[in-house]
Amino acid sequence: MALLAIFAHGPMPMFSTRTLAVAWEMWAHGHWLVPHINGEPYSEKVPLLFWMIHAGWAVFGVSDIWPRILEVIVGGVQLVLASVLASRLFPSRPWVAKATPWLFMALAYSFLFGLQIMYEVLLGVWVLAALLCLTPTATRASPRWWLFGLMVGAGLLTKGPVMAVHVLFPLLLGPLWNDWARQNKARWYGFGVLGLLIGFALLIAWAIPAGEAGGEAYRQRLFFTQTAGRVVDTHAQDLQNHARPAWYYLVFLPVLLFPLSGWLRGIVAVPTTLFRRPWPTGTGVSLIVAGVALLLSLVSAAGGGFPGWLDKVLVILVIVPVFVVLMRQPLEPGLRFLVAWLLPTLLTFSLITGKQLYYVMPELAGATMLVAASVADLRERHKGLATHYALGTWPLSIGAFLLAILLFVMPWIVPTRFPDNIWLTGVAPYARFFGVIFVVLGALLLLRGRGEMRRLAFAGLIGTVALNALFTLGLWYRYDLVPASLFLAQADAAGRPIGNLGTSYNGQYHFAGRLMQPIARINVLPGMGAPADDDDDVVRDGDSLNDFARHHPDGVIVSYAKHPPADAFRYARLIQPSRTGWLMIWDAATLDALQDGRVPPEPRQPTLLYPQDYWRTRTAAR
């Protein structure tokens, strides 16, 4: 299913195209040590994924086929590691190890993001591998410290220092879940610190020579600003900061865990397993505090607009009391491990300023283990709840039927009620075919009896693949940058400078066009950025459109607009839809003349319109 989905359409902007652009520039210009994007050192990422892409290119040649296959392979390895870790944490419950990869595979967000050529899936492999090194086996209680250090180093070379956050708390809280750690605290912490030092030594072994090769500005960003900016600085300039409120992950947990967040048996099983009566003294008060704090966090998320410091305090009051209560519960070691891993890590990422949903993807494997272990415990201690139909998958079935009805009526409603909605008009012609799929999945989820978990996983996986296919058929043309990239490739091969008008450039054309020269950010008006020297023929960020056209009359400009101007269909070299707007490519002198109110010369070739099927359909509709 992953192979079918990942090859259904091309690499997605900006996630996959940016990764491929960096790998391409490193490959094309021989920058093996320092990642580069658009001609500049790229301090945001470390090089292990790029090296793995290069290894495949050295064998199979340069294409986007190997990076996508690599991503699927890595995802499969993650499923295996999750199952092995579950078997070690719950050796007396083999069902948990069998259920974990099924439930993990069913997570819609994890599956869809795993189709991107990105770093988090590979990071998840190193996180699970490092945690495996800490867990005991049937024949060995002591951890494998050297291997732990190597796995930490691999994670650091995949995503940077954030790797330490993913594995730190199971190490720090080892005596709470590991008998060997409790009996050998000095060795546990001594060798644990040594393992972390080994990992960071591997990172530093690359970072020091890379910093020297990349120059002073790159060195400063690599060692200081790019990490610190994500942690504390909400206004970091020119950094991928992604600042969001502290409640962000709490609010979006149902999205991250869908469809498990709609499985009533799993929802009931987790608290039933974790909060066992009789409760220790103070448990009720702690849970009330956590519940009130959670309610206030939701109020803030719904528009309450609480100050940032108060949001952080509320998140602390949600997670810390629950963690303390659970550590006082008589839980088995596997559950204590999951609590020691998931809750402190969630709190840490919530308090860090920079947030993206995919930052916590390595923890999703732990979340599925927790659900699987809780359902297994429910089967042993509450057999009535474990088999009662009221706790089955029927809410998800109702959701599937409602979605099917929506898909069936969409071709009737959209043309008359939502003719200007580009998303609905794109998918409406194909909607009924996919409505049939969701009717079948809804019926599957209504079935009773054994195999409920696998039916849930199968429906989640097939439903996600179906939605990806619907996106491909109806909307991919708005994300497909190949036509523009191939046009720019011709300009680049001819030595024509290329500018990107008004917005920063994220490498989206470089790999598909195999571009060899950087693309500059061009401002619409003079004085908007760094002024260009009148005698300077270098293309640089901050040049105005007028400066660029004067110094490079043969140059090419890429521009964007919500709607193409009327003269675009006469003078632009290429026009194609791009997300919610339009992408246009112009000769620099032509666009400069239009901006100045002058009439440019008649173009020698008609404007290229992509995709051709879209324009034929649009013309017929008119």
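Residues numbered from 1 in each chain as written. Predicted model: local features only at pLDDT ≥ 70, side-chain atom pairs only at ≥ 80, totals over all residues. Heavy atoms only, no water.

**A look at the sheet that holds strand β8 (residues 608–609)**
Using the following cut-off: Note on pairing: DSSP must find at least two bridges between two strands before they are called paired. A run of H or I in DSSP counts as a helix once it spans at least four residues, and a run of E counts as a strand once it spans at least two, with each numbered from the N terminus. By definition in these notes, contact holds between two residues if any of their heavy atoms fall within 4.5 Å. Axis definition: a line fit to C-alpha positions, over the contact stretch in the case of helices; interaxial angles, taken between N-to-C directions, run 0 to 180 degrees.
The sheet built from six strands is open, its strands ordered β4-β3-β5-β7-β6-β8 with mixed pairing. Among the strands making up the open sheet, the edge pair consists of β4 (520–522) and β8. Pairing analysis gives six bridges linking strand β5 (residues 556–561) to strand β7 (residues 581–587), with the strands arranged antiparallel. Residue S559 lies in a different strand from β7, and its bridge partner there is M584. The sheet strands contacting helix α25 (residues 482–493) are β3 (498–501), β5, β6 (574–578), β7 and β8, and the helix crosses β6 at an angle near 140 degrees.

**Some words on the environment of Q576**
Our working rule: Type-normalised accessible area, obtained with a 1.4 Å probe on protein chains alone, sets the label of each residue: buried when under 20%, exposed when over 50%, and partly exposed for intermediate values.
Turning to its location among the elements, Q576 is positioned in strand β6. Taking the relative accessible area as the measure of exposure, Q576 reaches 2% and is therefore buried. Distance in space between the C-alpha atoms of Q576 and Q356 is 29 Å, their sequence separation being 220 residues. Apart from residues no more than four positions distant in its own chain, Q576 is found in contact with D480, L481, P483, A484, W582, L583 and Y610.

**A look at the layout of surface pockets**
What counts, and what does not: Here a cavity denotes grid points, spaced 1 Å and computed from the protein atoms alone, that fit a 1.4 Å probe unable to get out, and a pocket denotes an open set having protein on both sides within 12 Å along at least 5 of 7 lines; residues with an atom within 4 Å of a point are the lining. Grid points are joined across faces, edges and corners, and a volume is the space filled by probe spheres set on the points. Residue polarity follows a fixed list, in which Ala, Val, Leu, Ile, Met, Phe, Trp, Tyr, Cys and Pro are nonpolar, Asp, Glu, Lys and Arg are charged, and the others, Gly among them, are polar.
Counted as a void, the largest pocket has a volume near 1,100 Å³. Taken together, 35 residues make up the lining of the largest pocket; nearest its centre are L253, L257, V270, L343 and L370. Listing elements by their share of the lining of the largest pocket, those giving two or more residues are α14 (248–256), α15 (264–274), α16 (283–304), α17 (308–327), α18 (333–351) and α19 (364–381). The element contributing the most residues to the lining of the largest pocket is α18, with six residues. When its residues are assigned to classes, the lining of the largest pocket shows 30 nonpolar, four polar and one charged.

**Considering α18**
The line we're drawing: One less than the number of residues in a helix, times 1.5 Å, gives the span that helix is expected to have.
With 19 residues, α18 extends 27 Å from end C-alpha to end C-alpha; this agrees with the ideal 27 Å at 1.5 Å per step. Across the 19 residues of α18, 16 count as buried, placing the element largely inside the fold.

**Some details on the pairing of β7**
For β7, the tally of buried residues reaches seven of seven residues, placing the bulk of the element in the interior. Sheet analysis places β6 next to β7, joined by five bridges and oriented antiparallel. Bridge pairing in β7 places I575 opposite M584.

**Quick look at the packing of aromatic side chains**
The condition is simple: Centres within 6.5 Å make a pair out of two Phe, Tyr or Trp rings, where for Trp the six-membered ring is used; the pair is then stacked when the planes are under 30 degrees apart, edge-to-face when over 60, and tilted otherwise.
Tallied over the full model, the rule gives 24 aromatic pairs. Each ring, one from W27 and one from W57, has its centre 5.8 Å from the other, and the planes form 85 degrees; the classification is edge-to-face. With W27 in helix α2 (residues 15–29) and W57 in helix α3 (residues 48–60), the pair connects residues that are 30 residues apart, well separated along the chain. Looking at W57, the relative accessible area reads 2%, which means it is buried.

**Re the nonpolar core**
Selection criterion: Definition of nonpolar core: a set of buried residues of the types Ala, Val, Leu, Ile, Met, Phe, Trp, Tyr and Cys, connected through side-chain atoms within 4.5 Å.
Grouped together as the largest cluster of nonpolar side chains are 146 residues, with contacts concentrated most on F148, W206, L274, L338 and M369. With 13 residues, the top contributor of residues to this core is helix α7 (residues 120–134). Once you skip the residues sitting within four places of it in the chain, F148 turns out to touch A130, C133, L134, V167, L171, G192, G195 and L196. The next biggest cluster of nonpolar side chains, apart from the first, holds 19 residues, and it includes I575, W582, A588 and W615.

**Points about the confidence of the model for the chain**
Low-pLDDT stretches of the model should not have their predicted coordinates read in fine detail. Applicable threshold: On a scale of 0 to 100, pLDDT captures the predictor's confidence in every residue.
Taken residue by residue, the chain gives an average pLDDT of 91. The fraction at 70 or more is 94%. The low-confidence segment residues 527–535 (pLDDT under 50) makes 15 contacts with residues lying over four places distant or belonging to another chain.

**Brief notes about a positive patch on the surface**
How we decide: Patch membership needs two things, relative accessible area over 30% and no salt bridge, and members are linked within 9 Å if like-charged or within 5 Å if nonpolar (Val, Leu, Ile, Met, Phe, Trp, Tyr). For the accessible areas, the method is Shrake-Rupley and the probe is 1.4 Å, while residue cover comes only from the protein chains on display. The salt bridge definition used is simple: a Lys or Arg side-chain nitrogen within 4 Å of an Asp or Glu carboxyl oxygen. His is not counted, nor are the chain ends, whereas Lys and Arg count as positive and Asp and Glu as negative. Where a charge lies is defined by one atom per residue type, namely NZ (Lys), CZ (Arg), CG (Asp) and CD (Glu).
Together, K98, R379, R450 and R454 give the surface a local cluster of positive charge. The topology assignment puts K98 in helix α5 (residues 94–106).

**Focus: the environment of Y509**
The condition is simple: A 3.5 Å cut-off defines polar contacts: any pair of N or O atoms within that distance qualifies, except that in protein one atom must be a possible hydrogen donor and the other a possible acceptor, and neighbouring residues in sequence count only when both atoms are side-chain atoms.
Following the sequence through the fold, Y509 ends up in the loop between β3 and α26 (510–513). Sequence separation of Y509 and L81 is 428 residues, and the distance between their C-alpha atoms is 35 Å. Those residues in contact with Y509 that sit more than four places away from it in its chain are L481, A484, S485, L488, N500, R514, L515, I519, V558, Y560 and L583. A distance of 2.7 Å separates a polar atom in the side chain of Y509 from a polar atom in the side chain of Y560.

**What about the pattern of salt bridges?**
Going through the model one piece at a time under the given rule, you end up with 17 salt bridges. Here E452 and R265 are joined by a salt bridge, their closest N and O atoms 2.7 Å apart. A residue pair is termed long-range when its members are at least 10 positions apart, and E452 in helix α24 (residues 452–475) and R265 in helix α15 qualify at 187 residues. When its relative accessible area of 14% is taken as the criterion, E452 is described as buried. Its relative accessible area of 4% is what places R265 among the buried residues. The residue D377 makes a salt bridge to R381 at a minimum N-O spacing of 2.9 Å. With D377 and R381 both in helix α19, this residue pair falls four residues apart, about one helical turn. For R381, a relative accessible area of 37% puts it in the partly exposed group. Through salt bridges with shared partners, a single ionic network connects R93, R276, E332, D377, E380 and R381.

**So, the packing of α7 against helix α8 (residues 145–159)**
As a reminder of what qualifies: Throughout this description, any angle smaller than 35 degrees is read as roughly parallel, any larger than 145 degrees as roughly antiparallel, any in the 65 to 115 degree range as roughly perpendicular, and the remainder as oblique. By definition, turning the near helix anticlockwise from the far helix through less than a right angle yields a left-handed crossing, and turning it clockwise yields a right-handed one.
Put simply, α7 and α8 touch, their axes get as near as 8 Å, and they point 165 degrees apart. Comparing their axes, α8 and α7 come out roughly antiparallel. Crossing angle aside, the handedness with which α7 passes α8 is left-handed. Together, E120, L122, L123, W126, A129, A130, C133 and L134 of α7 and W145, L147, F148, M151, V152, A154, G155, T158 and K159 of α8 make up the contact between the two elements.

**Quick notes on α3**
Taking 1.5 Å of rise per residue, 13 residues should cover 18 Å, and α3 covers 19 Å from first to last C-alpha, within 8% of that figure. Listed as buried for α3 are L48, L49, F50, I53, H54, G56 and W57. Downstream of α3 by one or two residues, G61 has phi in the positive range, about 95 degrees.

**Let's talk about a nonpolar patch on the surface**
Together, V285, V289, W309, V313 and L317 make up a nonpolar patch on the protein surface, roughly 460 Å² of accessible area in all. Structurally, the position occupied by L317 is in helix α17.

**Topic: the pairing of β5**
Where β3 meets β5, three bridges bridge the pair, whose relative direction is parallel. Across the sheet, residue I498 finds its bridge partner in β5, namely V556.

**Section: unusual backbone geometry**
With glycine set apart, most residues show a phi of negative sign, and most peptide bonds adopt trans. In this structure, M14 follows P13 across a cis peptide bond, with omega equal to -5 degrees. Mapped onto the secondary structure, M14 falls in the loop between α1 (2–6) and α2. Here the bond from Y610 into P611 is cis, since omega is -15 degrees, no more than 30 degrees from zero. As for its placement among the helices and strands, P611 is situated in the loop between β8 and α30 (612–621). Located in the positive-phi region is R514, a residue other than glycine, with phi close to 50 degrees. With respect to the helices, strands and loops of the structure, R514 is situated in the loop between α26 and β4.

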